Every structure is written in structure tokens, then in C-alpha cells.
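Close look at the chain arrangement
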Amino acid sequence: VASGRTIPGWLVKRFAAPVRRDLDALMERAPLDLRVNRLKTSRESVLGDLADLAPEPIDTAPNAVRLPPDSDVLTTDAYRDGRVEIQDLGSQLICQASGAQPGMTVLDLCAGAGGKTLSLAALMQNRGRLIAADTDRRRLNQLPDRAERAGATIAETLLLDPGKEAEALSALAGQCDIVVVDAPCSGTGTWRRNPETRWRLTPKRLEAVTALQTRLLDLAATMVAPGGRIVYAVCSLLDEEGAGQIDRFLTGHAGWTAMPHEGP
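The following paragraphs examine the structure supplied in this document. No experiment lies behind these values; they were computed from the predicted model shown.

Some remarks on the overall build of the protein chain
- Counting its secondary structure elements, the protein chain contains 12 helices and nine strands.
- Taking 264 residues into account, the globule formula puts the C-alpha radius of gyration at 18 Å, and the protein chain, at 19 Å, falls close to it.
- Seen through its C-alpha atoms, the protein chain measures out along the principal axes to roughly 45 × 45 × 35 Å.
- Looking at the protein chain residue by residue over its 264 residues, the buried ones come to 44%.

What follows is the structure, given as C-alpha cells:
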């Protein structure tokens, strides 16, 4: 069990017992994961192109390749040409779980700089409608250049006004086959990459992000067409941000059911 010297004591107590038993793993160095861009190439090709960096395929995701930490992928032709994107395995699995298909209408509600948007565009084979929405103008403005490099021609951006998201999204109400909600969170699942954030998190901050997650899930429900789905994810190991949010949502929204992800 990690001590309060490596993780704030108040936070250790919030983790479920199975997580507490292995918290020290969060202090280890994170690998470098890539997503193969199927709009431009195949995983077999990328493994050959990056052979000098010792890439390894990841069996749990069909487009995932893992490199040793600190590999200099940014200078490779594969990266510059948009054949690969730096994307953690977890983010790739979120998109894979969405079931996005060509011809769908898909909303990436918390798109940020668009990493998952690009992955969704590849799954949709550039056919359909794909909206990347966020309240962060600086991050969202990174997407057009990234989309051009990746050849993701269907990605469109929509800047939202915090607290007034429903107004900007009104034309999409009840129209989306899939709404992806990779919600703002405590970031407890990202400590291997951002170890300093464990000391920035406070009980008040955690309360604020869980309230925001609840609001975003409620908003997402209004965007989904009959028979559609919400894909909810957080970079957190706290039940109150994950399973607890899903339980709350299902209690307050009749007709919805949780669907387990069955893998590739």
C-alpha cells in the first residue's frame, strides 16, 4: 500500500481496497503508446517503419503499438505524415468501446485537443458526421491542424460556453448515435505521467469535478437518438467518478442500461 508520503492520506482512503493494494504501481514510469491511423496505413506497416524504436503490438487494441519510454517518435516520418498518433492505450479503448461506424453521427463532448476525435474519424472511415466540442478554445484550436495531418476530413469543431453547453448543442439534441464523454476528473489514473497532480487535488476540487461529470452525463443523455449510446470515461481510479457516476445516472434516467465492453 502506498504511504501518505507518496500519496495524500485523505485520498488513499477514497480508493477501493483492490486499488489501494497496488497504488505503488502508479509511481512507475509510463510507456509510450501509439495509435496506428487506419486512414493512412496498417499496423504491420508501422511496425516495420518504426523497427529501430523496438515497437510492440498491444493485443487488447487492434491499432495500438507500444514503444519504450522516451522514444523519439516525433521526428519519424510515420508521425510527421500522420500515420501514427501518440495516444494512451486507455484512450484507444474508449474509442473502440464506442462502436463508432461509418455513417453515424458522433459527438465527442469533451474533445480537448481532439485525440479521440481523430481515432473516431478513423473508425468511421471518414463517413458520417463527427463533432468535437469543448469549452477550452486553446485546446480545441489544435484539432484542425491535427485533423489535416491525419487525413480526418469529417472532424468539425464546436466551441462551447461553460454552463451554456446545451444552447450550442441544441441542433444535435436527440440526433447522435454516440456521445463520448471523456469527462474532466481528478486525474488519479494519470499519476505515472503527471505525478505532481496528486498534491494539487483537494476534497473541494474533487467535489467540483464530480458535480461537473454528473451535469455532463445528463447533458449527453439529451443528445442521444433512440437506440444510441453514451460512452463515459474518466482518468480516475475513484469509484465516485466512475461506477458511482454510472449508478447515479441509471437511477435518474429510466430506459438506460449499462453495457459491458467485451474487448476487440
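Read on for the rest.
What about the packing of helix α6 (residues 115-123) against helix α8 (residues 143-150)?
- Close contact between α6 and α8 brings their axes to 10 Å; oriented N to C, the two are set at 35°. The two elements α6 and α8 meet at a crossing, and its hand is right-handed. On α8, the residues touching G115, T117 and L118 of α6 are L143, R146, A147 and A150.
- Considered class by class, the residues forming the contact of α6 with α8 number four nonpolar, two polar and one charged.

Side note on the packing of aromatic side chains
- This structure, assessed with the given rule, holds two aromatic pairs.
- With centroids separated by 6.1 Å and ring planes inclined at 85°, the aromatic side chains of F15 and W191 adopt a geometry described as edge-to-face. One end of the pair, F15, is in the loop between α1 (9-12) and α2 (17-20); the other, W191, is in the loop between β8 (176-182) and α10 (197-200), and 176 residues separate them in sequence. Comparing F15 with W191 shows no difference in burial state: the two are buried.
- Ring centres of F249 and W256 lie 5.3 Å apart, and the angle between their planes is 80°; this geometry places the pair in the edge-to-face category.
- Overall, F249 belongs to the buried group, its relative accessible area being 5%.

Criteria and cut-off values
- Residues numbered from 1 in each chain as written.
- Predicted model: local features only at pLDDT ≥ 70, side-chain atom pairs only at ≥ 80, totals over all residues.
- Heavy atoms only, no water.
- Helix = DSSP H or I, 4+ residues; strand = E, 2+ residues; numbered from the N terminus.
- Rg over C-alpha atoms; globule rule 2.2 N^0.38 Å.
- Buried < 20%, exposed > 50% of the residue type's maximum accessible area, 1.4 Å probe, protein only.
- Axes fitted to C-alpha atoms, helices over the stretch in contact; angles between N-to-C directions.
- Left-handed = near helix turned anticlockwise from the far one by under 90°.
- Contact = heavy atoms within 4.5 Å.
- Nonpolar A, V, L, I, M, F, W, Y, C, P; charged D, E, K, R; others polar.
- Phe/Tyr/Trp six-rings, centres within 6.5 Å; stacked < 30°, edge-to-face > 60°.

Purely geometric numbers; function is a separate question.
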